[in-house]
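Here are the chains, one letter per residue:
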2 protein chains.
Amino acid sequence: MKFTIDKNLILENIVNVCRAISSKNIIPILNGIKLELNEDGLLLTASDSDLLIKSLIKKEDIDSVDSFGNIVVSSDRLIDIIRNMPEDKIEFEVLEGLKINISSGNSKYNLNCYDPSEYPNVKIEENKNPIVIKSDVFKTIISQTVFAISTQELRPLLTGINIKIIGDILECIATDSYRLAKKTIKLDNAISEDINIVVPGKNVLELDKILTDDEDLTIHIFNNKIIFNYKNITFQSNLLAGTYPNTTNLIPSEFNIMLNTNLKDYNSAVVRAALLTNSRDKNIIKMHLANNSLNISSIAEQGSSNEQLSVESNTNEEFDISFSARYMLEALKTFKDEEILILLNGDTKPIVIKSTEDESLIQLILPIKTY
Amino acid sequence: MKFTIDKNLILENIVNVCRAISSKNIIPILNGIKLELNEDGLLLTASDSDLLIKSLIKKEDIDSVDSFGNIVVSSDRLIDIIRNMPEDKIEFEVLEGLKINISSGNSKYNLNCYDPSEYPNVKIEENKNPIVIKSDVFKTIISQTVFAISTQELRPLLTGINIKIIGDILECIATDSYRLAKKTIKLDNAISEDINIVVPGKNVLELDKILTDDEDLTIHIFNNKIIFNYKNITFQSNLLAGTYPNTTNLIPSEFNIMLNTNLKDYNSAVVRAALLTNSRDKNIIKMHLANNSLNISSIAEQGSSNEQLSVESNTNEEFDISFSARYMLEALKTFKDEEILILLNGDTKPIVIKSTEDESLIQLILPIKTY
C-alpha cells in the first residue's frame, strides 16, 4: 500500500474515526486504525466493543495511489504526528514486516503496525426504511437531553438516551432519576413499526462531535444496534439491552402554580445563589414565592445569599421549594427563549420548566426536601 | 465600615491580592482578605507565610464612603460573588457580629468575617536606594528563566530564582541541576552594595500575573525579603535562605562545535521527534551532525522518527548527542530570533543555546548518555 494525500483531509478523517477508540480498551489491535486502500478509495476503520466508525476517502480525492493494500496502524500519537507534519502532502507507504513509513518534506516516521487480517470484521447493514433528519436538528436534540443521563453504572440503562418513534413523532428522553429531559420532534416521514431503543450516552456524545456541518443524517435502527450515516462517515453504536423506564406518567400535565419569568434574569439569580452552596449536596438553593415576587436564597458555611425577582404567577399564595442549582442551570441552558414557564404542584412534586412558545421541550427536576 | 465602589475596580484589586492566599494554608484567618477603609482609601491585604500583597484603592476612586472601619472577609468564593454581581456598583456594609453585607441591585450576600484585630500585622519597609525597572523588562526576565527552576523540594534553593546585582548589571539564574537559564540586563543606575538573593519561584510567577501593564516596577531588597511596588500594589516575598550554587563555572566560554540554524525549523523538528519518545525518560531525542546536515531522530515503542535539517557549522567531523526534547523546547521558547547558535564541546558536555545577535540570554542543557 502506497499513497500520497492532503494533510488536512487525512487528519480530519483520522480524528473522526479515532473517536471510536476507547482509552479503557485492552485488546492491542483495537488501539489501531485499519487502513484499506482499493478501487473505491481509502477506508479508515476504528472500533471498540460497542462503537464502530468508518470513514471513506474517495479515490479521486487522494493525490496519488501507487499500490493497494491493508494495514492497521497504531492510533497512539498518530493524530499529533499527522498534525505536526511540515508540508501539505503526506506519503504513506507500507513496508515489509508490518511497518508503515509516513513522510512529509524532510520528516519521516516509521511506525509499527498490526496484521490487518487480525482486525475484527464488522459487517455494516442497511435498513430498508431509514430515518433521515438534518444533523443540526439531531445536535439540538442531543444538547437538550444528554446532560441529564446518569453517570452511575449502577443502572446501566439510565446512562443511555431513550429514543422512541411512533408514526412521525420522535421522542428523546434522558433521566438520572433526579431530573428528566424530554424533546419531541416531528419527522418528515412516518415509520411503520414503533421504535423504543436506548443508545449509550457516551456514543451519542462522540457522534455529536462528528456532526460539524448541517447535512443529512440517515439513521438505520436494528434490534441491537443503530447506524448513522453522515457525509462519508458510518457510525455504528450498540444499543443498551433492557426496557427503559416508562417516563410518561412522571411528567404532570396539570399544575397548581404557574410562574412566567425572564430566562436570563432567573438564570443569573440561580448562578449567584449557587455560589454559596455545598457542591456535595448538589448545590441546594431555595425559592420562595409571595405576591408575584420570587425570592431565591442559599446558605453555606461562608454566609448566605438572597435575591428578589419579579414574576407573573397565577396565585397569591405563598410557596417554598428547594432544588439543586446545578440541575436547574443545566436545564435552563437548553432554552433559547426570552421567557420561560416554571410549573409547580407542591414542595415535594416535580418542578417542570417549559418554553412559553414551544411545547417540544420539557425539563423536569425533583425538589429536595430541606428542614 | 460602609462604602459603594465600582464592580470592576474592586474585582481587579481583590483578584490581585488573592494571589497571596495559599490553598495549602491551614490558618483560617489567612484565607481572608483584610479590608481597611480610612482617609487614604481602601487598603486590601492578603498573605500567607512567605508572601504578602497589599493594594490601595484611593478614596477619590471610591463612589461613596459612608463610614470607616476594618474587617477580614473570607476570600472563599468572593471573586465569583463579585464577578457575578448584577450591576456596576457594589455596596459593602459591615454588620454587627463579624458579618458583611455585599449587595448590588436586588442581589444580597451576607458573609461571615474574621476579627481584623487577629490578622497578622506586617510592616512594609522601604529601602533608601530601590532598583527601578520597567515591568515588561522584568516579565521578560521571568519568562526566560523561571521555567528552569526545580519543582522538587529536596533542594529548596533550586525552587527559587537567583538574582545577582553587581554595579549596574542584574543577572537572573534558574536551574534544576539538569538545565540552566541565565539572563543579564543593564540597570539604569548602579547600586553600591552587591546583591545575591534567591526569590521563591512560585512567588515570582504570582508577581508575573499582576504585571499586566508596562509601568515602573520598584524593587526594595532586604536581608530576608524583597518588596516590589507596582502601580497601587505592594508585593512582599520572603527570600530563600542559603547560598545559591555558584553557576559561573558551569557555563563554558569556548566551544569545539558551533551550529547556526533557523530557530523555527529546528524547533519544529524537535517537536516532531518528541512525539515518538517516552515522557518518563524526559523525552530523549538524538542529534547527529554530518556535513552541515543535522539529523534529529527518536525511537519509542510505537516506532521511530527521523528528520534532516541543514545547518551552518564550523566542523566537518561527525558528532552525536542525546538530550531531553522537553528541556530543549522550553529553552528554545525563550528566543525570539530567526537564527540561533547551538554550542557543543562533546557528547557528555553541556549544550549551550544562544541568540546570534544578543549575548544577554544563555540556555544550557545537560546531555543524556544513551547506549
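Residues numbered from 1 in each chain as written. Chains lettered and ligands numbered in written order. Predicted model: local features only at pLDDT ≥ 70, side-chain atom pairs only at ≥ 80, totals over all residues. Heavy atoms only, no water.

Draft legend 1. Local environment of the pattern of salt bridges. This model, assessed by the stated rule, comprises 40 salt bridges over all chains. The closest approach of N and O atoms between B:Lys225 and B:Glu125, which form a salt bridge, is 2.7 Å. Highlighted residues: B:Lys225 in strand E16 (residues 225-230) and B:Glu125 in the loop between strand E9 (107-114) and strand E10 (131-134), separated in sequence by 100 residues. Residue classification places B:Lys225 among the buried residues on the basis of a relative accessible area of 10%. Here B:Arg179 and B:Glu330 are joined by a salt bridge, their closest N and O atoms 2.7 Å apart. With B:Arg179 in strand E13 (residues 179-186) and B:Glu330 in helix H6 (residues 325-332), this residue pair connects regions lying 151 residues apart in the sequence. The buried category is assigned to B:Arg179, whose relative accessible area is 6%. One connected set of salt bridges, linked through shared partners, spans A:Asp176, A:Arg179, A:Arg326 and A:Glu330. (Salt bridge = Lys/Arg side-chain N within 4 Å of Asp/Glu carboxyl O. Helix = DSSP H or I, 4+ residues; strand = E, 2+ residues; numbered from the N terminus. Buried < 20%, exposed > 50% of the residue type's maximum accessible area, 1.4 Å probe, protein only.)

Draft legend 2. Local environment of the environment of B:Ile161. Residues and elements named next belong to chain B. Residue placement: isoleucine 161 occurs in strand E11 (residues 160-166). When its relative accessible area of 2% is taken as the criterion, isoleucine 161 is described as buried. With 11 residues separating them in the primary sequence, isoleucine 161 and cysteine 172 have C-alpha atoms 6.8 Å apart. Sequence-distant contacts of isoleucine 161, that is, excluding residues within four places in its chain, are made with Thr145, Val146, Ile149, Cys172, Ile173, Ala174, Ile197, Val198, Val199, Gly201 and Val204. (Contact = heavy atoms within 4.5 Å.)

Draft legend 3. Inspection of the packing of helix H5 (residues 263-274) of chain A against helix H6 (residues 325-332) of chain A at higher detail. All names here are of chain A. It is the contact of H5 with H6, at a shortest axis distance of 10 Å, that shows an interaxial angle of 155°. As judged from the angle between their axes, H5 and H6 are roughly antiparallel. For the pair H5 and H6, the sense of crossing is left-handed. Counted together, Leu263, Tyr266, Asn267, Val270, Val271 and Ala274 of H5 and Ala325, Met328, Leu329 and Leu332 of H6 form the full contact between these two elements. Tallied by class, the residues present in the contact of H5 with H6 amount to nine nonpolar, one polar and no charged. (Axes fitted to C-alpha atoms, helices over the stretch in contact; angles between N-to-C directions. Parallel < 35°, antiparallel > 145°, perpendicular 65-115°, else oblique. Left-handed = near helix turned anticlockwise from the far one by under 90°. Nonpolar A, V, L, I, M, F, W, Y, C, P; charged D, E, K, R; others polar.)

Draft legend 4. Highlighting the environment of B:Glu254. Residue and element names in this part refer to chain B. In this structure, glutamate 254 sits in the loop between strand E17 (233-238) and strand E18 (257-262). Residue glutamate 254 is classed as exposed on the basis of its relative accessible area, which comes to 66%. Along the backbone, glutamate 254 and isoleucine 57 are 197 residues apart, and their C-alpha atoms lie at a distance of 53 Å.

Draft legend 5. How the structure looks around the environment of A:Leu95. All names here are of chain A. Looking at the secondary structure, you find leucine 95 in strand E7 (residues 89-95). Judged by its relative accessible area of 28%, leucine 95 is partly exposed. Along the sequence, leucine 95 and lysine 2 sit 93 residues apart, while their C-alpha atoms lie 9.3 Å from each other. Excluding its chain neighbours within four sequence positions, the residues that come into contact with leucine 95 are Ile100, Asn101 and Asn110.

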